[in-house]
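Remarks on the overall topology
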Amino acid sequence: ALARVDPERGARFRTFLFGVVRNVALRHEERRAKSRERQPESGFHQRLEADDESLSRVFDRAFAKALMKRAMERQRRTAEAEGDDARRRVELLRLRFQEGLAIREIAARWNADAAVLHRRYRTAREEFAAALMEEVRFHNQGSAADVRRECAALLDLLG
(Lines give C-alpha, C1' and ligand atoms only; values in the text may rest on other atoms or scores of the structure.)
Protein backbone atom coordinates (compact mmCIF):
# COMPACT_ATOMS: atom_id res chain seq x y z
CA ALA A 1 0.00 0.00 0.00
CA LEU A 2 2.86 2.40 0.73
CA ALA A 3 4.02 1.93 -2.87
CA ARG A 4 0.83 3.68 -4.03
CA VAL A 5 1.72 6.96 -2.28
CA ASP A 6 2.68 9.41 -5.01
CA PRO A 7 5.25 11.91 -3.68
CA GLU A 8 4.70 14.09 -6.77
CA ARG A 9 1.13 14.82 -5.63
CA GLY A 10 2.41 16.21 -2.34
CA ALA A 11 0.76 13.45 -0.31
CA ARG A 12 1.80 13.37 3.31
CA PHE A 13 2.17 10.26 5.40
CA ARG A 14 -0.47 11.44 7.89
CA THR A 15 -3.01 11.90 5.12
CA PHE A 16 -2.16 8.46 3.78
CA LEU A 17 -2.41 6.90 7.25
CA PHE A 18 -5.75 8.63 7.84
CA GLY A 19 -7.07 7.08 4.63
CA VAL A 20 -5.83 3.61 5.54
CA VAL A 21 -7.31 3.71 9.05
CA ARG A 22 -10.59 5.09 7.75
CA ASN A 23 -10.86 2.34 5.12
CA VAL A 24 -10.15 -0.35 7.71
CA ALA A 25 -12.84 1.13 9.99
CA LEU A 26 -15.34 1.24 7.12
CA ARG A 27 -14.66 -2.41 6.24
CA HIS A 28 -15.14 -3.38 9.88
CA GLU A 29 -18.46 -1.52 10.00
CA GLU A 30 -19.64 -3.20 6.80
CA ARG A 31 -18.80 -6.67 8.17
CA ARG A 32 -20.54 -5.86 11.47
CA ALA A 33 -23.64 -4.64 9.61
CA LYS A 34 -23.75 -7.79 7.45
CA SER A 35 -23.34 -9.95 10.54
CA ARG A 36 -26.31 -8.22 12.18
CA GLU A 37 -28.43 -8.74 9.07
CA ARG A 38 -27.82 -12.51 9.21
CA GLN A 39 -28.92 -12.83 12.84
CA PRO A 40 -32.50 -13.97 13.45
CA GLU A 41 -34.72 -11.25 14.88
CA SER A 42 -36.54 -13.33 17.44
CA GLY A 43 -35.95 -14.53 20.98
CA PHE A 44 -32.62 -13.69 22.57
CA HIS A 45 -31.07 -12.86 19.22
CA GLN A 46 -33.12 -9.77 18.51
CA ARG A 47 -31.27 -7.20 16.53
CA LEU A 48 -30.28 -4.26 18.68
CA GLU A 49 -29.79 -0.87 17.15
CA ALA A 50 -26.48 0.66 18.15
CA ASP A 51 -26.64 4.04 19.85
CA ASP A 52 -22.95 4.62 19.45
CA GLU A 53 -21.40 6.40 16.52
CA SER A 54 -19.84 4.44 13.69
CA LEU A 55 -16.12 3.84 13.97
CA SER A 56 -15.35 5.97 10.94
CA ARG A 57 -17.37 8.86 12.40
CA VAL A 58 -15.54 8.51 15.71
CA PHE A 59 -12.22 8.56 13.87
CA ASP A 60 -13.28 11.57 11.78
CA ARG A 61 -14.30 13.47 14.93
CA ALA A 62 -11.04 12.59 16.72
CA PHE A 63 -9.03 13.69 13.70
CA ALA A 64 -11.04 16.94 13.48
CA LYS A 65 -10.50 17.63 17.20
CA ALA A 66 -6.77 17.03 16.81
CA LEU A 67 -6.61 19.46 13.89
CA MET A 68 -8.55 22.08 15.86
CA LYS A 69 -6.16 21.70 18.77
CA ARG A 70 -3.17 22.08 16.45
CA ALA A 71 -4.76 25.16 14.87
CA MET A 72 -5.32 26.67 18.32
CA GLU A 73 -1.69 26.02 19.19
CA ARG A 74 -0.57 27.56 15.87
CA GLN A 75 -2.68 30.65 16.59
CA ARG A 76 -1.26 30.86 20.12
CA ARG A 77 2.35 30.68 18.84
CA THR A 78 1.64 33.41 16.31
CA ALA A 79 0.03 35.55 19.01
CA GLU A 80 3.05 35.13 21.28
CA ALA A 81 5.19 36.64 18.54
CA GLU A 82 2.71 39.45 17.79
CA GLY A 83 2.23 40.77 21.32
CA ASP A 84 -0.38 41.53 23.96
CA ASP A 85 -3.34 42.35 21.69
CA ALA A 86 -2.97 39.08 19.78
CA ARG A 87 -2.56 37.10 23.03
CA ARG A 88 -5.71 38.75 24.37
CA ARG A 89 -7.65 37.68 21.26
CA VAL A 90 -6.53 34.07 21.80
CA GLU A 91 -7.70 34.30 25.42
CA LEU A 92 -11.00 35.73 24.18
CA LEU A 93 -11.55 32.65 21.99
CA ARG A 94 -10.59 30.36 24.86
CA LEU A 95 -13.12 31.98 27.18
CA ARG A 96 -15.80 31.95 24.50
CA PHE A 97 -15.39 28.35 23.32
CA GLN A 98 -13.75 26.43 26.15
CA GLU A 99 -15.54 28.11 29.03
CA GLY A 100 -18.72 28.91 27.07
CA LEU A 101 -18.88 32.56 28.17
CA ALA A 102 -20.86 35.07 26.14
CA ILE A 103 -19.02 38.13 24.82
CA ARG A 104 -20.98 40.39 27.19
CA GLU A 105 -19.86 38.21 30.13
CA ILE A 106 -16.24 38.43 29.03
CA ALA A 107 -16.62 42.18 28.57
CA ALA A 108 -17.91 42.49 32.13
CA ARG A 109 -15.10 40.28 33.43
CA TRP A 110 -12.49 42.36 31.58
CA ASN A 111 -14.23 45.68 32.25
CA ALA A 112 -14.30 46.29 28.50
CA ASP A 113 -16.80 47.68 25.99
CA ALA A 114 -18.81 44.75 24.55
CA ALA A 115 -18.97 46.34 21.06
CA VAL A 116 -15.17 46.63 20.95
CA LEU A 117 -14.85 43.07 22.21
CA HIS A 118 -17.19 41.84 19.45
CA ARG A 119 -14.86 43.36 16.85
CA ARG A 120 -11.84 41.72 18.50
CA TYR A 121 -13.76 38.45 18.60
CA ARG A 122 -14.39 38.68 14.85
CA THR A 123 -10.66 39.28 14.29
CA ALA A 124 -9.77 36.36 16.58
CA ARG A 125 -12.11 34.04 14.64
CA GLU A 126 -10.52 35.15 11.36
CA GLU A 127 -7.06 34.47 12.81
CA PHE A 128 -8.19 31.04 13.95
CA ALA A 129 -9.66 30.31 10.52
CA ALA A 130 -6.30 31.21 8.95
CA ALA A 131 -4.48 28.93 11.42
CA LEU A 132 -6.92 26.11 10.69
CA MET A 133 -6.42 26.53 6.96
CA GLU A 134 -2.66 26.26 7.46
CA GLU A 135 -3.09 23.06 9.46
CA VAL A 136 -5.43 21.56 6.87
CA ARG A 137 -3.08 22.65 4.06
CA PHE A 138 -0.27 20.81 5.87
CA HIS A 139 -2.30 17.58 5.83
CA ASN A 140 -4.10 18.05 2.52
CA GLN A 141 -2.10 19.42 -0.38
CA GLY A 142 -5.16 20.27 -2.46
CA SER A 143 -6.17 23.60 -3.94
CA ALA A 144 -7.22 26.56 -1.80
CA ALA A 145 -10.85 25.66 -2.54
CA ASP A 146 -10.20 22.06 -1.39
CA VAL A 147 -8.68 23.37 1.84
CA ARG A 148 -11.66 25.68 2.47
CA ARG A 149 -14.10 22.79 1.85
CA GLU A 150 -12.16 20.55 4.22
CA CYS A 151 -12.16 23.27 6.91
CA ALA A 152 -15.92 23.67 6.52
CA ALA A 153 -16.39 19.89 6.74
CA LEU A 154 -14.29 19.75 9.92
CA LEU A 155 -16.28 22.51 11.54
CA ASP A 156 -19.55 20.83 10.48
CA LEU A 157 -18.38 17.55 11.95
CA LEU A 158 -17.70 19.14 15.33
CA GLY A 159 -20.58 21.62 15.29
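Everything quoted here is computed from the prediction, not taken from an experiment.

What to know about the nonpolar core
Ranked by size, the top nonpolar core spans 23 residues in total, and within it Leu 92, Ile 106, Leu 117, Leu 132 and Val 136 carry the most contacts. Put simply, the parts of the chain that give this core at least two residues each are α2 (55-82), α3 (84-98), α4 (103-110), α5 (114-139) and α6 (144-158). Tallying contributions element by element places α5 first for this core, with seven residues. Setting aside anything within four residues of it in sequence, one finds Val 136 in contact with Leu 67, Val 147, Glu 150, Cys 151 and Leu 154.

Remarks on the packing of α3 against α5
Contact geometry of α3 with α5 gives a least axis separation of 9 Å together with a crossing angle of 95 degrees. Judged by the inter-axis angle, α3 sits roughly perpendicular to α5. Every residue of α5 that contacts α3 at Arg 89, Leu 92, Leu 93, Arg 96 and Phe 97 is listed here: Leu 117, Arg 120, Tyr 121, Thr 123, Ala 124, Arg 125, Glu 127 and Phe 128. Partitioning the contact of α3 with α5 into residue classes produces seven nonpolar, one polar and five charged.

Regarding the packing of aromatic side chains
If you walk through the whole model with that rule in mind, you get two aromatic pairs. Positioned above the aromatic ring of Trp 110 is the side chain of Arg 88, whose terminal nitrogen or guanidinium carbon lies 3.7 Å from the ring centre. Note that Arg 96 overlies the ring of Phe 97, its terminal NZ or CZ placed 5.9 Å from the centroid.

Structural notes on the layout of surface pockets
Quantified by volume, the largest pocket comes out at close to 590 Å³. In terms of lining residues, the largest pocket is bounded by 18 residues, among which Met 72, Leu 93, Phe 97, Gln 98 and Phe 128 are the most central. Within the residue set of the lining of the largest pocket, elements represented by two or more residues are α2, α3, α5 and α6. A per-element tally of the lining of the largest pocket places α2 first, with seven residues. Here the residues of the lining of the largest pocket are counted per class, giving eight nonpolar, three polar and seven charged.

Cut-offs and rules
Throughout this document, residue positions are counted from 1 along each chain, in the order its sequence is written. Given that this is a predicted model, residues contribute local features only at a pLDDT of at least 70 and side-chain atom pairs are listed and counted only at 80 or more, while totals for whole chains, interfaces and linings are drawn from all residues. Side-chain numbers here rest on the full set of heavy atoms in the structure, without hydrogens or water. Put simply, buried Ala, Val, Leu, Ile, Met, Phe, Trp, Tyr and Cys residues joined by side-chain atoms within 4.5 Å make one nonpolar core. Accessibility here uses a 1.4 Å probe with only protein chains present; expressed as a share of the type maximum, an area under 20% marks a residue as buried, one over 50% as exposed, and anything in between as partly exposed. Helix and strand assignments come from DSSP, with helices taken as H or I runs of at least 4 residues and strands as E runs of at least 2, each series counted from the N terminus. Here, residues are in contact when the closest pair of their heavy atoms is within 4.5 Å. Fitted lines through C-alpha atoms give the axes, limited to the stretch in contact for helices. The angle between two N-to-C directions lies from 0 to 180 degrees. If an angle is under 35 degrees, it is roughly parallel; if it is over 145, roughly antiparallel; if it lies from 65 to 115, roughly perpendicular; otherwise it is oblique. When residues are sorted by character, Ala, Val, Leu, Ile, Met, Phe, Trp, Tyr, Cys and Pro go into the nonpolar class, Asp, Glu, Lys and Arg into the charged class, and all the rest, Gly among them, into the polar class. Centres within 6.5 Å make a pair out of two Phe, Tyr or Trp rings, where for Trp the six-membered ring is used; the pair is then stacked when the planes are under 30 degrees apart, edge-to-face when over 60, and tilted otherwise. As a reminder, the over-ring test applies to NZ of lysine and CZ of arginine, requiring each to be within 6 Å of the ring centre and within 35 degrees of the ring normal. Grid spacing is 1 Å over the protein atoms alone, the probe is 1.4 Å, and a cavity is where that probe fits but cannot get out, while a pocket is an open set with protein on both sides within 12 Å along at least five of seven lines and lining residues have an atom within 4 Å of a point. Grid points are joined across faces, edges and corners, and a volume is the space filled by probe spheres set on the points.

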